[in-house]
Amino acid sequence: MARPRRAAEGGEIPEAEAIRRAQGGDAEAFEQLYRQHSRRVYSVVLRMVGNPAEAEDLTQEAFLQLFRKIHTFRGDAAFSTWLHRLAVNVVLMRLRKKALPVTSLDEPADAEDESSGPKRDVGAADPLIEGSVDRVHLERAVAELPPGYRMVFLLHDVQGYEHNEIARIMDCSIGNSKSQLHKARTRLREILKDFERDRARQQRLEDSEKAEP
Amino acid sequence: MIRCDEFDVYAPAWLEGERTPEAAGHLQSCTRCSAKLADLALIVSASASLPELDPPERVWTSLRAQLEAEGLLREQKGWLDRVRELFPARPRTAFATAMISALAVVLLVGPQSPVADKTEGNPWNLSRVSETLASEEADASRNFHLRDPAVEASYQQNLAMVDNLIGECQRKVNEDPDDEMAREYLVSAYQQKADLLNALSERDAMGD
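Because the structure is predicted, anything quoted here is derived from the model rather than measured.

A.B. asks: Quick question: what am I supposed to make of the overall build of chain B here?
C.D. replies: For chain B, the helix and strand inventory stands at ten helices and zero strands. Going from N to C terminus, chain B has its helices and strands arranged as α-α-α-α-α-α-α-α-α-α. Out of the 208 residues in chain B, the part that is buried amounts to 24%. For chain B, contacts bridging at least 24 residues in sequence account for 63% of all contacts bridging at least 6.

A.B. asks: Hey, could you run me through the confidence of the model for chain B in this one?
C.D. replies: Residues and elements named next belong to chain B. Per-residue confidence for chain B gives a mean pLDDT of 75, with 69% of residues at or over 70. In the model of chain B, helix H7 (residues 114–118) stands out as the element of lowest mean pLDDT, 41, in contrast to helix H4 (residues 57–69), which has the highest, 94. pLDDT under 50 marks residues 85–92. Its contacts with residues more than four places away, or in other chains, come to 13 contacts. Every residue in residues 109–124 scores below 50 in pLDDT, and together they form 18 contacts with partners more than four places removed in sequence or on other chains. For this predicted complex, the interface confidence score (ipTM) comes to 0.82, while the overall pTM stands at 0.63.

A.B. asks: I keep staring at the environment of Gln-32 of chain A and nothing clicks. Help me out?
C.D. replies: Residue and element names in this part refer to chain A. Its place among the elements puts Gln-32 in helix H2 (residues 27–49). For the pair Gln-32 and Ile-13, spaced 19 residues apart in sequence, the C-alpha to C-alpha distance is 8.4 Å. With near-sequence residues (within four places) excluded, Gln-32 lies in contact with Glu-12, Ile-13 and Ala-18.

A.B. asks: How should I be thinking about helix H3 (residues 52–69) of chain A in this particular structure?
C.D. replies: For an α-helix, the turn length of 3.6 residues means that residues three or four places apart are oriented alike. Relative to the 26 Å expected for 18 residues at 1.5 Å per residue, H3 of chain A spans 26 Å between its end C-alpha atoms, a close match to the ideal helical length. Within the span of H3 of chain A, buried status applies to Ala-55, Leu-58, Thr-59, Gln-60, Ala-62, Phe-63, Leu-66 and Phe-67 of chain A. Close packing links the buried residues of H3 of chain A with helix H1 (15–23), H2 and helix H4 (79–97) of chain A together with H4 of chain B.

A.B. asks: What exactly am I supposed to notice about the packing of H3 of chain A against H4 of chain A here?
C.D. replies: When two helices pack together, their arrangement is given by the angle between the helix axes and the distance between those axes. Residue and element names in this part refer to chain A. Their axes nearest at 9 Å, the elements H3 and H4 cross at an angle of 130°. Relative to H4, the element H3 lies oblique. Judged by the twist between their axes, the crossing of H3 over H4 is right-handed. Seen from H3, the contacting residues are Leu-58, Glu-61, Ala-62, Gln-65 and Leu-66; seen from H4, they are Leu-83, Leu-86, Ala-87, Val-90, Val-91 and Arg-94. Its residues assigned to classes, the contact of H3 with H4 comprises eight nonpolar, one polar and two charged.

A.B. asks: Where do I start with the confidence of the model for chain A in this structure?
C.D. replies: Close inspection of predicted coordinates is inappropriate in any region flagged by low pLDDT. All names here are of chain A. Across chain A, pLDDT averages 84, with 79% of residues at or above 70. Taking the mean pLDDT of every element in chain A, the minimum, 43, falls on helix H5 (residues 109–115) and the maximum, 96, on helix H7 (residues 147–158). Confidence drops under pLDDT 50 across residues 106–126; counting only partners more than four residues distant or on other chains, this segment forms 21 contacts.

A.B. asks: Help me understand unusual backbone geometry, please; the structure alone is not making it clear to me.
C.D. replies: Generally, phi is negative for residues other than glycine and the peptide bonds are trans, each holding for most cases. Residue and element names in this part refer to chain A. A positive phi angle is found at Asp-171, which is not glycine, with a value near 55°. Positionally, Asp-171 belongs in the loop between helix H8 (163–170) and helix H9 (174–211). Here Asp-171 falls in the partly exposed class, since 13 other C-beta atoms lie within 10 Å of it.

A.B. asks: What exactly am I supposed to notice about the interface of chain A and chain B here?
C.D. replies: A common measure of how large an interface is: the accessible area buried when the components associate. Tallying the contact residues gives 35 residues for chain A and 31 residues for chain B. For the side of chain A that touches chain B, the leading source of residues is H2 of chain A, giving nine residues. Across the side of chain A that touches chain B, the residue classes tally to 16 nonpolar, seven polar and twelve charged.

A.B. asks: What exactly am I supposed to notice about the nonpolar core here?
C.D. replies: Most often, soluble globular proteins keep nonpolar side chains buried together rather than apart. By size, the foremost hydrophobic cluster in this structure holds 54 residues, and its most contacted members are Phe-30, Val-45, Ala-87, Val-91, Val-152, Phe-153 and Leu-155 of chain A. Of the residues forming this core, the biggest block, eleven residues, is contributed by H2 of chain A. In terms of nonpolar packing, the next biggest core, distinct from the first, is built from 17 residues, Cys-169, Val-187, Ala-189 and Tyr-190 of chain B among them.

Analysis parameters
- Residues numbered from 1 in each chain as written.
- Chains lettered and ligands numbered in written order.
- Predicted model: local features only at pLDDT ≥ 70, side-chain atom pairs only at ≥ 80, totals over all residues.
- Helix = DSSP H or I, 4+ residues; strand = E, 2+ residues; numbered from the N terminus.
- Buried ≥ 20, exposed ≤ 12 C-beta atoms within 10 Å, placed from the backbone.
- Contact = placed C-beta atoms within 7 Å.
- pLDDT = per-residue confidence, 0-100.
- Expected span 1.5 Å × (residues − 1).
- Axes fitted to C-alpha atoms, helices over the stretch in contact; angles between N-to-C directions.
- Parallel < 35°, antiparallel > 145°, perpendicular 65-115°, else oblique.
- Left-handed = near helix turned anticlockwise from the far one by under 90°.
- Nonpolar A, V, L, I, M, F, W, Y, C, P; charged D, E, K, R; others polar.
- Core = buried A, V, L, I, M, F, W, Y, C linked by C-beta atoms within 7 Å.

This is the structure in structure tokens:
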């Protein structure tokens, strides 16, 4: 189940009523819907594009498309799912314009694997991540994921969407969503271990410099 | 016994809590896959607590400006305009029109006017107006019904606001009968109440 939205504050009307009023052009209803959903949309957009100014533009674009099309919303899917689908499309369009390698989740996963660097040696036992995952390192590691992996990971592990919802948002199969998520998590693990190795190497270097007369 | 690359197929489900004998058997003997699974579980746990980030207020400001430019937003209206939107404008009933016109003469012209003298007894026959409106309101609540709970709630809320306004204006007029502004406000408030009651009857006739 997706992370709960920001709780309704005093004076807010139920979402279904806000949608109905927004469909009639009610400015307050528009604003309520924006306030309730903008944080989740902006969060995923920012982590996808990595640039605050661009994330602001894309968030605005996603909501603009939402409000232009809100009269077509029939309630057959969750409003949040519908909104996230618009946001994901806006992001993917922007990434494609930048000629970044965004592959459809229904393409063979090997294509994305090949574009993301040499495979690591999986023969030997890998050391564990040190007991916990540093949040800063995790954010950096997420930023290094290929866009397709990153989007599924953000929707599932960060925002709490289920695979059936992700399939609707990203127009892919549930099986592909699960597969891409596992690959994303595996890749994150490798990236985090690289950070640890780099940090350990740096520490050894500093220690040896201190030891020298 | 399954191999490590085969265990990779079971790993996602294992992380979701699904246990199979094959996967459990492999984990008991394979430190590499146990370590990997533990790491993935840590990542899943840490990811769930990554913060959500608020966009700057300028995003809404800019969005709203764009929505207005495209004509997608209705203008903000005060409470009376919102009531009028719920209740489309209709001519007032003849009685309400006559009553408020008479009241307007009394209140705005003053107690010395010939018209005011024609009102029964005390020229400041505000109590008669108040009683008449109260009677109309009682009739309305007996005979007219709003089927939409949201509209009913809005009607009751606005009725309460108008009654408060009437009460406040009446107090001011009582304190200073020569206060023309207070008299004008009182006429306006009675006018609003008559509009509200009239709109209720119209709405009921429309089947809302």
